[in-house]
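Letter by letter, the chains look like this.
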Number of protein chains: 4
Amino acid sequence: MRSENGTGGQKPRSFIEEARRAQIVAAAIEVIAEAGYGQASLARIAKRAGISKGVISYHFAGKDELMEEVVERTYGGIADHVMTRMEGLTTATELLRAYVLAVAEHMRGHRTQLAALGEIFNNFRDADGKPRYGVHTSEQIYQTFERFYRMGQESGEFRDFDVRVMAVTHSAAIDSMFAYWAAHPDHDLDAHARALADIFERACRA
Amino acid sequence: MRSENGTGGQKPRSFIEEARRAQIVAAAIEVIAEAGYGQASLARIAKRAGISKGVISYHFAGKDELMEEVVERTYGGIADHVMTRMEGLTTATELLRAYVLAVAEHMRGHRTQLAALGEIFNNFRDADGKPRYGVHTSEQIYQTFERFYRMGQESGEFRDFDVRVMAVTHSAAIDSMFAYWAAHPDHDLDAHARALADIFERACRA
Amino acid sequence: MRSENGTGGQKPRSFIEEARRAQIVAAAIEVIAEAGYGQASLARIAKRAGISKGVISYHFAGKDELMEEVVERTYGGIADHVMTRMEGLTTATELLRAYVLAVAEHMRGHRTQLAALGEIFNNFRDADGKPRYGVHTSEQIYQTFERFYRMGQESGEFRDFDVRVMAVTHSAAIDSMFAYWAAHPDHDLDAHARALADIFERACRA
Amino acid sequence: MRSENGTGGQKPRSFIEEARRAQIVAAAIEVIAEAGYGQASLARIAKRAGISKGVISYHFAGKDELMEEVVERTYGGIADHVMTRMEGLTTATELLRAYVLAVAEHMRGHRTQLAALGEIFNNFRDADGKPRYGVHTSEQIYQTFERFYRMGQESGEFRDFDVRVMAVTHSAAIDSMFAYWAAHPDHDLDAHARALADIFERACRA
DNA sequence: GATGAATGAGCGTTCATTCAT
DNA sequence: TATGAATGAACGCTCATTCAT
C-alpha cells in the first residue's frame, strides 16, 4: 500500500532531502492538527519547522504535493500496522474485529496524524474545486469491508444485509471513534474499539 | 430549538431585515454546497444573492455570524420535522427508528443544506483556531440518543451497552448516510435509512 | 479604432471608476517608462499612484488587463490624431508624408506614453509565454502602409518594389525615430520626421 | 572588436573555465530566445545546460555578467563576419550594400542568437533601472554608418542629407528585417536584404 | 570546481472588513 | 438601507544569491 516514490522515473532522494521532507511533513501535521487545514499556510508550517518559507517550495512542488505526502505517509503507517494484526486470521468475524482493534491501537500513538488526516480529507481540493479526497477515496475501504461481509455471508456467519450500507456505516463508526477521542483525550479508545466490535458483530451475525 | 434572536436584549428585526438575512443565508448555502467552505467568500455569496458585498456586512456582524445563522436555520428545520415524526411514540425502538427515518426523509428534500452544513461543520473555526462546531457540538444529540438507550435498557428492550459509544456511533452512522448520498445522488436514501434502523435495532436489542 | 469598452455586455463604468482607471493607467505609464516593464510591479504602480495595491486589483481583473488598457488608450490617442491629419489627402506620397509628420507631432507631447508602449510591446507575454504584442500585432500597420504603396504604384507615383519589405522598413524607421528621441531629448523630432519623409519618398518614387 | 578579458588585470581563464562559460552562454541564448528574457531565470538556464544553478554563480559574478557575455560573444561573431565581407571595398555604395548583405548572411545561420540578443537589448537593465543597452549602445554603429555616408557625400555618390537620421533609420531597417524574419521563418531573408540595399541606395544617392 | 540546500525579498492575487456617500 | 470604493494583511509561489560541503 506504500507508494512513497521510487515508482516514478525521478531520481531517488538524498538522505538529507528525505530528512527535510520528513521534517516538513511533521510540521505540517502539527499545524494542521492544531489550527486546521484552512490556517495551515506555508508560512505557518515553515515557522513551526523553524525554517524559511522558501525551503518548503524548494523541497515540494507546491502545497498540494506536501499535503499528498502527509496523507501518503500517514496512510502507509496505518496500513502497515493493520495488515500485521490481521495476518493469519480466517473468519470474517475475527478479521473485522481485528481490523477495528488494530487501527485503534495504532492511532492511540498517532493522535495528531489522525487529526491532520481528517482535516486534509475534509478540505483539500483540486484546482477545479473538487475535493481531492472524500467519499470517493473511501471506496477502497468500502470494498475491503464488503469483501469481509460477503465472506461471512457465504460462510453463514452473517445474516443477509446490504453490504454497502454496512460498509459505509462501519467505516463511519470507526472514524467517529477517532473524532470523539480526538475531542476527549481521556476517552478510553480501546474500550470504545471493543464496544464497536461488539456492535457490528451483533449487527452482522446471522 | 429555534433560537434566532428575541432572547437577547437587541431590538427585534424588521420584516425587511429578516427577508434580507434569509436571502443571504440561502445564497451562502448554495455557494458553500457548490464550491466548499474555503471558496465561499463574501464576494461570491453576495454575487450569488445579486447584492453588494457590503450588504452582508451590514446585516451580519461578520462572516462568522452568517455561518452561525446558516447552521441555526438549517438545524432548526431538521429539528422541527423530526419532532413531528416522533410525536406519540413510546418505545425506545420505535423512537430511534422514527428518528432515523424522519431525518432522512427531511434531508431528501434539502440536499444543498446538507452539503453546506457538512462544509461548515468541518471548516468553521473560531478566531483562536478551535473548530466552532464538531464533536463537542454534537453533545446535545448524543444526550438525546442516550436518553432513548437508557429508556430501552430500563424497559428491557435493549441489552446492556456503553450508551456513549452507541450514541457516537449511531450519530456518525446517520451523518455518513448523508455524506454517501451527497456523493452518490442515485443512492436510495430511504432504503439506507431502513437498513440503518435494522442495524442499530440488532446492535441494541437484548 | 477606439475600443475602450461599451462593446462587451458589461455595464458601463461609473465616473469615479473611470477616473481611477485613468489614474492607475497614468501611473503605470510613468513607472513603465521610467523603470521598464520588468520592474513595473503592481506595488510600484500603486505607490506611484498614491493608492493601495489592492485598488488596482479592484479596478482591473489583473495586471494583464491593466497593460492592455495602457496600450489601448495610448494607441487610441495616436490613431485619433493621425486620422485627423490625413483627412482629405489623396495621393500616396501626401498620405505617407502626412502620416509620418502627424505621428511625430502627436508623440512630441506624449513622450512617456511612447516609452511605456515600447516596453509593453517588447515584454508583455501571455500566460503561455508568447509575446502578447509584437511583429504579428504590427500586421495591421503593415497592411495600412501596403495599401498606400499599392495606391502609389497603380497611380504611377511609385516604382515597383516589395511592399512588405517597404512596410516593415518604414514602420521600423518611424519606431526608431521615437526611440532615438526618447534617448536624446534634445533631438529635433520634427526635423527627423521630415527627413524620414524625404528618405521614403526617394526610396519609393518611380 | 572582441573584448572578452585580457584587457583588465584579472588572471586569464583556464581552458575548462572557458568551456564552462561558453556552455552556459549557449544555454542562456537558447532559453532567452525561447522563453524571453523575463522567464530566463538562472534555474532555467542551468537546467538547460544540465548543470546546477550554483555553477552559474560560480563562473559569473551574477546574472548581469552572464548577459553581458552573451551580448559580447554574439556581437563579436557578427562583427568578425561582416568585417571579412567588407574587406577591399572602396565606394560608399558598395560598402553599405556589403554590410547589409553580410549581416543578413551571418544571421541566417544564427537565428536563436539573434532572438536572444533582441530580448536582452529590450530588457536588460542596470540596478538603477536604466536600460543597459539601447539607443546609446548603438552609437558605435551609427558612427560607422555616418562615416560611410560622409565618404559618399564627399565623393559625390550621395546627396546631402542628415547623416544621423539616415544612420538611425538604416540601422533600424536592418534590425526590423531580423525581427520580421524571426517572427516569419519562411520569409526570404536574403531577398529582404537586397531590397533593403536598394531602398537605401535610392534614399542616399545624389 | 561543483553541488544542492537555504534564504528572504518580492511577485500577483484574494479577501474580510471598513466607511463615506 | 444599501452601495461600491478602498484597505492591508496574508496567501502560494518564484528567484537571484549565498554558502557549507
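Counting starts from 1 at the beginning of each chain's written sequence and moves along it residue by residue. Ligands are numbered from 1 and chains lettered from A, in the order in which they are written. Under the rules for a predicted model, residues below a pLDDT of 70 receive no local features and side-chain atom pairs below 80 are neither given nor counted, while totals for whole chains, interfaces and linings still include all residues.

### A short note on the overall build of chain A
So, step 1. In this description a helix means any DSSP run of H or I spanning at least four residues, a strand means any run of E spanning at least two, and both kinds are numbered starting from the N terminus. Check the secondary structure of chain A and you find nine helices and zero strands.
So, step 2. In chain A, the order of α-helices and β-strands from amino to carboxyl end is α-α-α-α-α-α-α-α-α.
So, step 3. Overall size of chain A, expressed as C-alpha extent along the three principal axes, is 60 × 40 × 35 Å.
So, step 4. Evaluated residue by residue, chain A yields a buried proportion of 32% over its 206 residues.
So, step 5. Considering only contacts within chain A whose residues lie at least 6 apart along the sequence, 61% involve residues at least 24 apart. Any residue surrounded by 20 or more other C-beta atoms within 10 Å of its C-beta is treated as buried, while 12 or fewer makes it exposed and the intermediate range makes it partly exposed; C-beta atoms here are placed from the backbone. Distance between backbone-placed C-beta atoms decides contact: two residues are in contact if it is within 7 Å.

### Some details on the relation of the copies chain A and chain B
So, step 1. Copies are brought into register by a least-squares superposition over C-alpha atoms of residues with pLDDT of at least 70 in both. With an RMSD of 0.4 Å, chain A superimposes on chain B once it is rotated by 178 degrees and translated 0.1 Å along the axis. Overall, the copies show the geometry of a two-fold rotation axis. The position closest to the rotation axis in chain A is occupied by the C-alpha of Ala203 of chain A, lying 2.4 Å away.
So, step 2. A shared binding surface is used by both copies, with 94% of the interface residues of chain A retained as interface residues in chain B.

### A look at the environment of Arg164 of chain C
So, step 1. Structurally, the position occupied by Arg164 of chain C is in helix α8 (residues 163–183).
So, step 2. Filtering out sequence-adjacent residues up to four positions away, Arg164 of chain C remains in contact with Tyr142 and Glu146 of chain C.

### A look at the packing of helix α9 (residues 189–204) of chain C against helix α8 (residues 163–183) of chain D
So, step 1. In this analysis, axes come from line fits to C-alpha atoms, helices being fitted only over the stretch in contact, and the angle between any two N-to-C directions falls in the range 0 to 180 degrees. Running from N to C, α9 of chain C and α8 of chain D cross one another at 65 degrees; their axes reach a closest spacing of 10 Å. Between α9 of chain C and α8 of chain D lies a crossing whose hand is right-handed. In contact with His192, Ala195, Leu196 and Ile199 of chain C of α9 of chain C, α8 of chain D contributes Val165, Met166 and Thr169 of chain D.
So, step 2. Note on residue classes: Ala, Val, Leu, Ile, Met, Phe, Trp, Tyr, Cys and Pro are nonpolar, Asp, Glu, Lys and Arg are charged, and everything else, Gly too, is polar. Along the lines of polarity and charge, the residues of the contact of α9 of chain C with α8 of chain D split into five nonpolar, two polar and no charged. Crossing handedness is defined as follows: a turn of the near helix away from the far one that is anticlockwise and smaller than a right angle gives a left-handed crossing, while the clockwise case is right-handed.

### With respect to the interface of chain C and chain D
So, step 1. On the chain D side, the residues contacting the 31 residues of chain C number 31 residues.
So, step 2. For the side of chain C that touches chain D, the secondary structure elements donating two or more residues are α1 (15–35), α6 (111–123), α8 and α9 of chain C.
So, step 3. A per-element tally of the side of chain C that touches chain D places α8 of chain C first, with eleven residues.
So, step 4. Taken together, the residues of the side of chain C that touches chain D sort by class into 15 nonpolar, eleven polar and five charged.

### Focus on the protein's contact with DNA strand E
So, step 1. In the vicinity of DNA strand E lie 38 residues, with Gly54 of chain A, Ser41, Ser57 and Gly62 of chain C together with Gly54 of chain D positioned nearest.
So, step 2. Residue assignment for the surface near DNA strand E shows that the elements contributing at least two residues are α1 (15–35) and α3 (53–59) of chain A, α2 (42–49) and α3 (53–59) of chain B, α2 (42–49) and α3 (53–59) of chain C together with α1 (15–35) and α3 (53–59) of chain D.
So, step 3. Its residues assigned to classes, the surface near DNA strand E comprises twelve nonpolar, 15 polar and eleven charged. Each residue receives a C-beta atom placed from its backbone. It is near a molecule or strand if this atom lies within 6 Å of it.

### What to know about the interface of chain A and chain B
So, step 1. On the chain B side, the residues contacting the 32 residues of chain A number 31 residues.
So, step 2. For the side of chain A that touches chain B, the secondary-structure elements that each account for two or more residues are α1, α6 (111–123), α7 (135–155), α8 (163–183) and α9 (189–204) of chain A.
So, step 3. Ranked by residue count, the leading element in the side of chain A that touches chain B is α8 of chain A, at twelve residues.
So, step 4. By residue class, the composition of the side of chain A that touches chain B is 16 nonpolar, eleven polar and five charged.

### Examining the arrangement of the chains
So, step 1. At their nearest point, the C-alpha atoms of chain A and chain C are still 17 Å apart, with no contact between the two.
So, step 2. There is no contact between chain B and chain C; across them, the least C-alpha separation is 12 Å.

### Examining the relation of the copies chain C and chain D
So, step 1. For the pair chain C and chain D, the best superposition has an RMSD of 0.4 Å and corresponds to a rotation of 178 degrees with a translation of 0.1 Å parallel to the axis.
So, step 2. Comparing contact sets, 97% of the residues at the interface of chain C also lie at the interface in chain D, consistent with an isologous, same-surface contact.

### Some details on the protein's contact with DNA strand F
So, step 1. In the vicinity of DNA strand F, 38 residues are found, and the nearest of them are Ser41 and Gly62 of chain A, Gly54 of chain B, Gly54 of chain C together with Ser41 of chain D.
So, step 2. Put simply, the parts of the chain that give the surface near DNA strand F at least two residues each are α2 (42–49) and α3 of chain A, α1 (15–35) and α3 of chain B, α1 and α3 of chain C together with α2 (42–49) and α3 of chain D.
So, step 3. Taken together, the residues of the surface near DNA strand F sort by class into twelve nonpolar, 15 polar and eleven charged.

### Describing the nonpolar core
Across soluble globular proteins, nonpolar side chains show a tendency to be buried alongside one another.
So, step 1. For the purposes of this analysis, a nonpolar core is taken to be any set of buried Ala, Val, Leu, Ile, Met, Phe, Trp, Tyr and Cys residues that are connected through C-beta atoms within 7 Å. Membership of the largest hydrophobic core comes to 107 residues, with the highest contact counts inside it found for Ala28 and Leu196 of chain C together with Ala28 and Leu196 of chain D.
So, step 2. With sequence-adjacent residues up to four places away left out, Leu196 of chain D is seen in contact with Val165 and Thr169 of chain C together with Val100, Ala173, Ile174 and Met177 of chain D.
So, step 3. Counting 105 residues, the second largest nonpolar core, distinct from the first, contains Ala27, Met107 and Cys204 of chain A together with Val100 of chain B.

### Structural notes on helix α9 (residues 189–204) of chain B
So, step 1. Expected span of a helix: the number of residues minus one, times 1.5 Å. For α9 of chain B, built from 16 residues, the straight-helix expectation of 22 Å at 1.5 Å per residue is met to within 8% by its first-to-last C-alpha distance of 22 Å.
So, step 2. In this structure, the buried side of α9 of chain B is in contact with α8 and α9 of chain A together with α5 (92–108), α7 (139–155) and α8 (163–183) of chain B.

### A short note on the environment of Ala172 of chain B
So, step 1. Looking at where Ala172 of chain B falls in the secondary structure, it is placed in helix α8.
So, step 2. Here Ala172 of chain B falls in the buried class, since 23 other C-beta atoms lie within 10 Å of it.
So, step 3. Taking the C-alpha atoms as reference points, Ala172 of chain B and Thr84 of chain B, separated by 88 residues in sequence, lie 22 Å from one another.
So, step 4. Setting aside its immediate chain neighbours within four residues, Ala172 of chain B contacts Ala172, Ala173, Asp175 and Ser176 of chain A.

### Some points on the confidence of the model for chain A
Residues and elements named next belong to chain A.
So, step 1. Think of pLDDT as the predictor's per-residue confidence, scored from 0 to 100. Here chain A averages 89 in pLDDT, and 94% of its residues register 70 or above.
So, step 2. No element of chain A has a lower mean pLDDT than α6, at 88, and none a higher one than α9, at 96.
So, step 3. The model gives residues 1–9 a pLDDT under 50, and that stretch makes seven contacts with residues more than four places away or in other chains.

### Here's the deal with helix α6 (residues 111–123) of chain B
So, step 1. For α6 of chain B, spanning 13 residues, the distance from its first C-alpha to its last is 19 Å, which sits close to the expected 18 Å at 1.5 Å a residue.
So, step 2. Listed as buried for α6 of chain B are Gln113, Leu114, Ala115, Ala116, Leu117, Glu119, Ile120, Asn122 and Asn123 of chain B.

### Quick word on the environment of Gln39 of chain D
So, step 1. Relative to the assigned elements, Gln39 of chain D resides in the loop between α1 and α2.
So, step 2. Apart from the residues within four sequence positions on either side, Gln39 of chain D is in contact with Gly129 of chain C together with Arg44 of chain D.

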